[in-house]
Amino acid sequence: MPAGFDSEQVWKAQGRGFQMGVVQPEGVVVHLTGQVAWDANEAIVGPGDIEAQTRCCFNNIDALLNEVGGTLADIVTLTTYFTDRAQLPAIQKVRAEMFGSDKGPASTSVMVAGLGHPDFLVELTPLAVIPRDRYRAPD
């Protein structure tokens, strides 16, 4: 599991579901494509519902990581793209549910004018490191 850290010399994450820094552990680095609120059939999940879309993104990430022996806890960094600043508290709420309010990957959030489909409200792009003893090569 990645070791996270903070510093008394910088601002605080304050329960937003991330840490200021994460030390990459030994293991296999896995880069994933940004995940959006599509189900397996490319149907939009939660149109207009930022929490539902964020959960869908995390569920997609979890499913992909499980394919190679990983879990959400193996994520060391996460970039969040969102379309409306008012959505950020709801995104942070879901992220804190997924990782714990004082744990989680190093994170960057970027407000964008739009995403790949007009109904997408959020896209999550993670980088994970899976311990070698759990890693399974893809088929």
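This text follows the structure it describes.
Residues numbered from 1 in each chain as written. Predicted model: local features only at pLDDT ≥ 70, side-chain atom pairs only at ≥ 80, totals over all residues. Heavy atoms only, no water.

Counting its regular elements, the protein contains two helices and six strands. Of the regular secondary structure in the protein, the N- to C-terminal order runs β-β-β-α-β-α-β-β. Looking at the 139 residues of the protein, the share that counts as buried comes to 42%. A separation of at least 24 residues holds for 75% of the contacts in the protein among residues at least 6 apart in sequence. Looking at the protein as shown, the accessible area adds up to about 7500 Å², and 51% of this sits on carbon and sulfur atoms. (Helix = DSSP H or I, 4+ residues; strand = E, 2+ residues; numbered from the N terminus. Buried < 20%, exposed > 50% of the residue type's maximum accessible area, 1.4 Å probe, protein only. Contact = heavy atoms within 4.5 Å. Areas by Shrake-Rupley, 256 points an atom, 1.4 Å probe, with all protein chains shown as cover.)

With respect to topology, four strands assemble into an open sheet ordered β3-β6-β4-β5, the strand pairing being mixed. Of all the strands in the sheet, the pair left with one neighbour each is β3 (28-31) and β5 (106-111). Within this sheet the neighbouring strands show an average axis-to-axis angle of 10°, counted without direction. Note: strand β4 (residues 75-82) against strand β6 (residues 122-130), seven bridges, orientation antiparallel. Considered in β6, the bridge of Thr 79 is made with Thr 125. Contacting β3, β4 and β6, helix α1 (residues 50-67) runs over the sheet at an angle of about 30° to β6. (Pairing = 2+ DSSP bridges. Axes fitted to C-alpha atoms, helices over the stretch in contact; angles between N-to-C directions.)

A word on the packing of aromatic side chains. By the definition in use, this model includes two aromatic pairs. Measuring from ring centre to ring centre gives 5.3 Å for Trp 38 and Phe 120, while their planes differ by 80°; the resulting arrangement is edge-to-face. Here Trp 38 is found in the loop between β3 and α1, whereas its partner Phe 120 is found in the loop between β5 and β6, with 82 residues between them in sequence. The buried category is assigned to Phe 120, whose relative accessible area is 5%. (Phe/Tyr/Trp six-rings, centres within 6.5 Å; stacked < 30°, edge-to-face > 60°.)

Before going further, it helps to examine the pattern of salt bridges. It is possible for side chains of opposite charge to pair when their charged atoms get near one another. Enumeration over the complete set of coordinates arrives at four salt bridges. Among the salt bridges present, the one from Glu 51 reaches Arg 55, with a minimum N-O distance of 3.5 Å. Taken as a pair, Glu 51 and Arg 55 lie in helix α1 at a separation of four residues, close to a single helical turn. Overall, Glu 51 belongs to the partly exposed group, its relative accessible area being 22%. (Salt bridge = Lys/Arg side-chain N within 4 Å of Asp/Glu carboxyl O.)

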